[in-house]
Amino acid sequence: MSKIVKCLVPVSGGKDSQVCLELAIEKFGSDSVIGLFCDTQFEHPLTYEHIEKMKGMYGVEIITRSDGDVLSECRKRKRFPSDNVRFCTNHLKIRVTKNFCAWLAKNQGDGFEVWYGMRRKESHGRAKRYEHTIDDELYPPHIILANYPKYLEKMGVMFRLPICDWHERDVYEKLGDKVNPLYSKGFDRVGCFPCLAGGDGFKDIAFNLDDFGREQRERVRVVEKELGKSVFTSKRGYQKDNENQLSLCFVCQI
Ligand code: SF4
């Protein structure tokens, strides 16, 4: 890479990472910013299209990296991910981002900031974990997320959570109609389609949203048969009342 990157923004195709990308470009300029899209090969076509669209919208480079796909990870682990066991996030997102950050810092001989679109108001867990995090402070990566290695800090890579205090409405106000069209289809999360670690109701909505959702259901059904396990966690398949919660891993859902 010939240019010097001052800020890297992990983008998922979701609104929170998009607003971070926009803010980073406002601060550093599009020539000093890159987006990093960690492709889990399990995303909705509209998300892939949106990533491409963002490149033109912001005149920014967005690099795609992939180290496998969600269903292969499930086969390898002989299980589906859950709220507590997110091997796919670790392998397909965190590991890929970590390797890319180390490569970039080494390649350009200098560190950079990484802006993550995490918002505290997304969940109690985040509110508690990041209650003392300040939006304009820089933090060593392993302080923000324990899975990141300490050597990244030594390479000059520092994390910032610029929208940690934002409400969802602030994000929509800033982005207007520039957001991923999945939101206007009533799907309020993007990332894997669906996140297999999400609530059963959430998965059911995604599997029934459109033709692609139904294709995903078939792909998952094949793996269910191989593993002898259901992707749904509740005994009745799924329960609308209490299983509609969303997956709130901020690495995936930004
Ligand atoms: S969005 Fe869900 S299925 Fe996809 S990598 Fe993250 S935890 Fe795994």
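S.K.: When you look at the overall build of the protein in this model, what are you seeing that I'm missing?
M.R.: Each helix and strand counted, the protein has ten helices and five strands in total. Taking 18 Å as the expected radius of gyration for a compact globule of 254 residues, we find that the protein reaches 18 Å, a close match to that expectation. Its C-alpha atoms put the protein at 50 × 35 × 35 Å along the principal axes. By the burial criterion, 42% of the 254 residues in the protein qualify as buried. Counted over contacts in the protein with a minimum sequence separation of 6, partners at least 24 positions apart contribute 76%.

S.K.: Just checking my understanding: could you explain the site of the ligand for this structure?
M.R.: Among the 16 residues in the neighbourhood of the ligand, the closest are listed as Cys-88, Cys-192, Cys-195, Ala-197 and Cys-252. Considering every element that reaches the shell around the ligand, the biggest residue donor is helix α4 (residues 87–108), with four residues. Residues of the shell around the ligand, tallied by class, amount to ten nonpolar, four polar and two charged.

S.K.: What is the right way to look at the environment of Glu-137 in this model?
M.R.: Topologically, Glu-137 is positioned in the loop between α5 (124–129) and α6 (141–144). Judged by local crowding, Glu-137 falls into the partly exposed class, with 13 C-beta atoms found within 10 Å. Once the C-alpha coordinates of Glu-137 and Asp-188 are considered, the two residues, 51 residues apart in sequence, prove to be 29 Å apart.

S.K.: Just checking my understanding: could you explain the sheet that holds strand β1 (residues 7–10) for this structure?
M.R.: Across a sheet, strands are paired by hydrogen bonds formed along the backbone, either parallel or antiparallel in direction. Strand order in the open sheet formed by five strands is β3-β2-β1-β4-β5, with parallel pairing between adjacent strands. Either end of the sheet is taken by a strand with one partner, and the two such strands are β3 (61–65) and β5 (157–160). Neighbour-to-neighbour, the strand axes of this sheet turn through a mean angle of 25 degrees, independent of strand direction. The pairing of strand β4 (residues 112–115) with β5 spans four bridges and is classified as parallel. Each bridged residue has a counterpart across the sheet, and for Glu-113 the counterpart in β5 is Met-158.

S.K.: What exactly am I supposed to notice about helix α2 (residues 45–58) here?
M.R.: Structural remark: α-helix, 3.6 residues per turn; residues separated by three or four positions point the same way. Across its 14 residues, α2 extends 20 Å between first and last C-alpha, which sits within 8% of the 20 Å expected from 1.5 Å per residue. Taken as a whole, α2 has its buried residues at Leu-46, Thr-47, His-50, Ile-51 and Met-54. Each element contacted by the buried residues of α2 is listed here: α1 (15–28), β2 (33–38) and β3. Directly after α2, the chain includes Gly-59, whose backbone phi takes a positive value near 55 degrees.

Conventions adopted
- Residues numbered from 1 in each chain as written.
- Predicted model: local features only at pLDDT ≥ 70, side-chain atom pairs only at ≥ 80, totals over all residues.
- Helix = DSSP H or I, 4+ residues; strand = E, 2+ residues; numbered from the N terminus.
- Rg over C-alpha atoms; globule rule 2.2 N^0.38 Å.
- Buried ≥ 20, exposed ≤ 12 C-beta atoms within 10 Å, placed from the backbone.
- Contact = placed C-beta atoms within 7 Å.
- Near = placed C-beta within 6 Å.
- Nonpolar A, V, L, I, M, F, W, Y, C, P; charged D, E, K, R; others polar.
- Pairing = 2+ DSSP bridges.
- Axes fitted to C-alpha atoms, helices over the stretch in contact; angles between N-to-C directions.
- Expected span 1.5 Å × (residues − 1).

On their own, these measurements won't tell you what the molecule is for.
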